[in-house]
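What the coordinates show
These are the residues of each chain, in order.
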Amino acid sequence: MLLLPLLLEATLLRLASGSHHPFYNGFYYNHIMNDKGNGQEKVVYFNGAKLVVETPKDPVYSSSGANVTLPCHYHYEPDLEAKRKIRIKWSKLRDDYTKEQDVLVAIGKTYVAFGDFRGRAHLHQAGRREASLVVSDVRLQDDGKYRCEVIDGLEDESNVVDLRLQGVVFPYQPPHGQYRLNFHEAERVCQEQGAVLATFNQLFQAWTEGLDWCNAGWLADGTVQYPIRLPRKPCGGLHLAPGIRSYGPRHRHLHRFDAFCFSSALRGEVFYLDRPAGMTLEEAKQSCQDAGAEIASVGQLYSAWKFLGLDRCDAGWLADGSVRYPIAKPRANCGPLEPGVRSYGFPSKGRFGVFCYKER
Ligand SMILES: *[C@@H]1O[C@H](CO)[C@@H](O)[C@H](O)[C@H]1NC(C)=O
């Protein structure tokens, strides 16, 4: 009479403190406290209810600096009226669904967030049987898949939410030329542009939207790839269909390529300034400051081009010393037939206008 509940309690304690039970036989034991009277009789029901965890099938979109809710709800089939003691665990996944990092664990109303989610990840339990995650001050690195896991005794069910950040992918080559960056340097040049290395999904999305780039670049997962829409000889050959060409994973220290960076939608505006005689880079920086702004980064120019339709057929300096111009509506004397950000590279001399960025 007493032995079974005690054994079960020991099992639950072990589950709560350690890792999950390695097997699941399709049923679980329902552990109910009967608090009538002093005897606190513990009754074990065998009921075979199934735990179901639901998340949205479509991606959840957000942008840098925003707050986002990743919805997750659970229920039992058939429904159980009793209040359940459950644990909730959120983790971030890699593209192959293996775990990248712990985000948050919760028991009842108590929860702990980990790593760079500390102070930014909260549990939202407004509804009955809700386990949604709120991430505040969203960062570019937050883009990706998240697993919502609900653990009830021996039952352990989960489902995945895909968080996508609105942003733009742009190829980046440093001033000293093509294929000069190892993985770590590629991470750094993107950071210097207020961006991060793009994920494969982001590059793929950019390809569907028209990105064609015949230089291979690092992605966030340490692979090297490039997007081709119009097959041609120097870009993987004519016999290959349009698509993302991959060199696969490369040595992060020894191998050198360009970078594909990802930068978020803007919260400010990008505008163009010029003087009749043009400006040096130093004069350009100064004139942005005089206008209460700062010289724009490459990422900001791409963002303004993509999200605000910035179109200017005049070349301007950017913060990294490159000279570019954004074309949303292609026309004669403004570069190729496709929309895009055109580049003059990094001129060592010459006088141009400037693109400035101002927070709204
Ligand atoms: C995000 O949430 C925090 C805390 O709840 C709040 O202070 C902040 O203003 C929110 N930010 C935005 C952009 O809504």
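Residues numbered from 1 in each chain as written. Predicted model: local features only at pLDDT ≥ 70, side-chain atom pairs only at ≥ 80, totals over all residues. Heavy atoms only, no water.

- As named in an unreviewed UniProt entry, the chain is Hyaluronan and proteoglycan link protein 3, taken from Mycteria americana.
- UniProt lists a comment for the chain under the heading Subcellular location (unreviewed entry), and it reads "Secreted, Extracellular space, Extracellular matrix".
- Among the UniProt annotations of the chain, the heading Sequence similarities (unreviewed entry) holds the following wording: "Belongs to the HAPLN family." (UniProt positions renumbered as here; feature names shortened; annotations may be inferred.)

Quick notes on helix 2 (residues 183-192)
- Along helix 2, the positions that sit buried rather than exposed are F183, A186, V189 and C190. One side of helix 2 holds all its buried residues, which, seen down the axis, span an arc of 120°. Along helix 2, exposed side chains directed more than 90 degrees from the buried face belong to Q191 and E192.
- In this fold, the buried residues of helix 2 make contact with strand 14 (167-172), strand 15 (196-197), strand 16 (217-218) and strand 19 (258-264).
- At the N-terminal end of helix 2, a side-chain oxygen is found 3.0 Å from the backbone nitrogen of H184, two or three residues along, and the residue is N182. (Buried < 20%, exposed > 50% of the residue type's maximum accessible area, 1.4 Å probe, protein only. Helix = DSSP H or I, 4+ residues; strand = E, 2+ residues; numbered from the N terminus. Arc of directions from axis to C-beta. Contact = heavy atoms within 4.5 Å. Polar contact = N/O pair within 3.5 Å; in protein donor to acceptor, adjacent residues only side chain to side chain.)

Examining the confidence of the model for the chain
- Averaged over every residue, the pLDDT of the chain is 86; residues scoring 70 or more account for 87%.
- The low-confidence segment residues 1-46, where pLDDT is below 50, has 58 contacts with residues more than four positions distant or belonging to other chains. (pLDDT = per-residue confidence, 0-100.)

Focus on the packing of aromatic side chains
- Applying the stated rule across the entire model yields 15 aromatic pairs.
- When the ring of Y226 is compared with that of Y247, the centres are 6.0 Å apart and the planes differ by 80°; the resulting orientation is edge-to-face. Taken as a pair, Y226 in strand 17 (residues 223-228) and Y247 in strand 18 (residues 243-249) lie far apart in primary sequence, 21 residues in all.
- For Y226, a relative accessible area of 6% translates into the label buried.
- A residue is classified by how much of its surface remains accessible, and Y247, at 35% relative accessible area, is partly exposed.
- Each ring, one from Y325 and one from Y344, has its centre 6.0 Å from the other, and the planes form 40°; the classification is tilted. (Phe/Tyr/Trp six-rings, centres within 6.5 Å; stacked < 30°, edge-to-face > 60°.)

With respect to the sheet that holds strand 7 (residues 87-93)
- In space, the 6 strands of this open sheet follow the order 4-13-12-7-8-9, with mixed pairing throughout. In this open sheet, the two edge strands, each paired with only one partner strand, are strand 4 (60-62) and strand 9 (110-113). Neighbour-to-neighbour, the strand axes of the sheet open up by a mean angle of 25°, direction not taken into account.
- Two strands pair when backbone bridges link them, and strand 7 and strand 8 (residues 99-107) are joined in this way by 7 bridges, in the antiparallel orientation. Residue K89 lies in a different strand from strand 8, and its bridge partner there is V105. (Pairing = 2+ DSSP bridges. Axes fitted to C-alpha atoms, helices over the stretch in contact; angles between N-to-C directions.)

Describing the pattern of salt bridges
- All chains considered together, the criterion is met by 15 salt bridges.
- Across the pair R164 and D162 runs a salt bridge, and its minimum N-O distance is 3.0 Å.
- Put simply, E209 and K306 hold a salt bridge, and the shortest N to O gap is 2.7 Å. Of this pair, E209 sits in the loop between helix 3 (200-208) and strand 16 while K306 sits in helix 5 (residues 298-308), and the two are 97 residues apart along the sequence.
- Given a relative accessible area of 33%, K306 falls into the partly exposed group.
- Where salt bridges share partners, they join D79, R128 and R129 into one cluster. (Salt bridge = Lys/Arg side-chain N within 4 Å of Asp/Glu carboxyl O.)

As for the nonpolar core
- In terms of nonpolar packing, the biggest core is built from 87 residues, with L70, W90, L104, L133 and F355 touching the most fellow members.
- Per-element tally for this core: the top contributor is helix 5, with 5 residues.
- Ignoring anything within four residues of it in the chain, the contact list for L70 reads V60, W90, S132, L133, Y146, V161 and L163. (Core = buried A, V, L, I, M, F, W, Y, C linked by side-chain atoms within 4.5 Å.)

Considerations on the state of the cysteines
- Evaluation of the coordinates by the stated rule reveals 5 disulfides.
- Between C288 and C356 runs a disulfide, and the two sulfur atoms are separated by 2.1 Å. Residues C288 and C356 are joined by a disulfide whose S-S torsion is about -80°; by sign, that bridge is left-handed. With C288 in helix 4 (residues 281-290) and C356 in strand 25 (residues 353-359), this pair connects stretches of sequence that are 68 residues apart.
- On the accessibility criterion, C356 (0% relative accessible area) is buried.
- By sequence-ordered numbering of the bonded cysteines, the chain has its disulfides arranged as 1-2, 3-6, 4-5, 7-10, 8-9. (Disulfide = S-S within 2.5 Å.)

Here we look at the pairing of strand 10 (residues 121-124)
- Only one face of strand 10 is buried: it carries A121 and L123, and the other face, with H122 and H124, is open.
- Relative to strand 11 (residues 132-135), strand 10 runs antiparallel, the two being bridged by 4 bridges. Residue pairing in the sheet places H122 in a bridge with V134 of strand 11.

Some words on the side chain of Q193
- Mapping Q193 onto the fold places it in the loop between helix 2 and strand 15.
- Beyond its immediate stretch of four places on either side in the chain, Q193 contacts F170, Y172, S297, V298, G299 and D320.

Let's talk about the sheet that holds strand 11
- Read across the open sheet, the 3 strands follow the order 5-11-10; overall the sheet is antiparallel. Edge positions in the open sheet fall to strand 5 (68-70) and strand 10, since each of these has one partner strand only. The mean angle between the axes of side-by-side strands here comes to 30°, regardless of whether they run parallel or antiparallel.
- Where strand 5 meets strand 11, 3 bridges bridge the pair, whose relative direction is antiparallel. Paired with T69 across the strands is V134, a residue of strand 11.

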